[in-house]
Amino acid sequence: MMATSTGMTVVADRNLATCEALDERQYLTFSLAGEQYGIDILKVQEIRGWTPVTQIPNVPDFVKGVMDLRGAIVPIVDLRGRFNLEAVTYSNITVVILAMVGEGAKGRVVGLVVDGVSDVLDIQPGEIQPPPDFGSTVNTEFLKGLVTHETGMVLLLDMERLLAVEELYGLA
């Protein structure tokens, strides 16, 4: 009887671990001005090296222009500019992450210019801490949360708030 009871406990523990693993999400992490950021990997369509884009007049500085991606016109957003960080000259490690913003028919692909791609992290929902409240002086609306990782903090971005399709296309 004791062996059966222990066996059931092991099976229950395995089932619990499987359920927890199903809640686990993967985030693509990238560097930007020395900090690590992450986005849900299910939003990522493709990662490309930087190539010059077609500039569009009368758009905010953080919208670098558009590129043709297999017949689709994709706006390219510099996240340094979006976060009001110091601009840098693009190099051979600068990449564009092509990510889906929005759902269904309203979804659009947007390119994110970042300093470099780092890793893919497996994150449990319980590991995500809410963004700190700085009051009205610091805007944290783009943050989904923060995760402590062995290399430091990773700021998880809310793609829907960061790159609202209506805002980007309203500007372009």
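All figures in this text were calculated on a predicted structure; none of them were measured in a lab. (Residues numbered from 1 in each chain as written. Predicted model: local features only at pLDDT ≥ 70, side-chain atom pairs only at ≥ 80, totals over all residues. Heavy atoms only, no water.)

Colleague: Quick one: what's the story with the overall build of the protein, residue by residue and with numbers?
Modeller: The secondary structure content of the protein amounts to four helices and 10 strands. Helices and strands appear in the protein in the N-to-C order α-β-β-β-β-β-α-β-β-β-β-β-α-α. Counting only residues that meet the buried cut, the protein has 37% of its 172 residues in that class. Long-range pairs, those at least 24 residues apart, make up 56% of the contacts in the protein with a sequence separation of at least 6. Carbon and sulfur atoms form 54% of the exposed surface of the protein, whose accessible area is close to 10400 Å². (Helix = DSSP H or I, 4+ residues; strand = E, 2+ residues; numbered from the N terminus. Buried < 20%, exposed > 50% of the residue type's maximum accessible area, 1.4 Å probe, protein only. Contact = heavy atoms within 4.5 Å. Areas by Shrake-Rupley, 256 points an atom, 1.4 Å probe, with all protein chains shown as cover.)

Colleague: Break down unusual backbone geometry for me, citing the residues and quoting the values.
Modeller: With a phi angle near 55°, Ala-33 is a residue other than glycine that sits in the positive phi range. Among the secondary structure elements, Ala-33 is positioned in the loop between strand S1 (25-32) and strand S2 (35-40). Positive phi outside glycine occurs at Asn-58, with the angle close to 60°. Among the secondary structure elements, Asn-58 is positioned in the loop between strand S3 (44-49) and strand S4 (63-69).

Colleague: Let's hear about the sheet that holds strand S7 (residues 108-114): which residues, and what values?
Modeller: What the five strands build is an open sheet, ordered S3-S6-S7-S5-S4; its pairing is mixed. Strands at the two margins of the open sheet, each flanked by one partner only, are S3 and S4. Each strand of the sheet is rotated relative to its neighbour by a mean of 30°, with strand direction disregarded. Note: S4 against strand S5 (residues 72-78), six bridges, orientation antiparallel. From the neighbouring strand, Val-66 faces S5, where its bridge partner is Pro-75. (Pairing = 2+ DSSP bridges. Axes fitted to C-alpha atoms, helices over the stretch in contact; angles between N-to-C directions.)

Colleague: So what about the packing of aromatic side chains? Which residues, and what values?
Modeller: For the structure on display, the rule yields four aromatic pairs. An aromatic cluster of at least three residues, connected via ring pairs, comprises Phe-30, Tyr-37, Phe-83 and Phe-142. (Phe/Tyr/Trp six-rings, centres within 6.5 Å; stacked < 30°, edge-to-face > 60°.)

Colleague: Would you mind going over the sheet that holds strand S10 (residues 152-157) in detail, with residue names and values included?
Modeller: Strand pairing in a sheet relies on backbone hydrogen bonds. The paired strands run either parallel or antiparallel. The sheet built from five strands is open, its strands ordered S8-S1-S2-S10-S9 with mixed pairing. A strand with exactly one partner marks an edge of an open sheet, and here the two such strands are strand S8 (116-123) and strand S9 (143-149). For this sheet, the mean angle separating the axes of adjacent strands, direction not counted, is 30°. Where S1 and S2 come together, six bridges link them in antiparallel fashion. From the neighbouring strand, Thr-29 faces S2, where its bridge partner is Gly-38.

Colleague: Would you mind going over the side chain of Ser-31 in detail, with residue names and values included?
Modeller: Topologically, Ser-31 is positioned in strand S1. For Ser-31, a relative accessible area of 18% gives the class buried.

Colleague: Could you give me a rundown of the pairing of S5, with the residues and numbers involved?
Modeller: Along S5, five of the seven residues are buried, which leaves the element largely enclosed by surrounding structure. Hairpin connection between S4 and S5: a loop of two residues separates the two successive antiparallel strands, and Arg-70 in this loop has a positive phi of roughly 50°.

Colleague: Account for the environment of Asn-92, with residues named and values stated.
Modeller: Along the chain, Asn-92 turns up in the loop between helix H2 (79-82) and strand S6 (95-101). Residues Asn-92 and Gly-49 lie 43 residues apart in sequence; the distance between their C-alpha atoms is 7.3 Å.

Colleague: Kindly report on the environment of Asp-122, identifying the contributing residues and their values.
Modeller: By the element assignment, Asp-122 lies in strand S8. Separated by 2.9 Å, the side chains of Asp-122 and Gln-26 make a polar contact. (Polar contact = N/O pair within 3.5 Å; in protein donor to acceptor, adjacent residues only side chain to side chain.)

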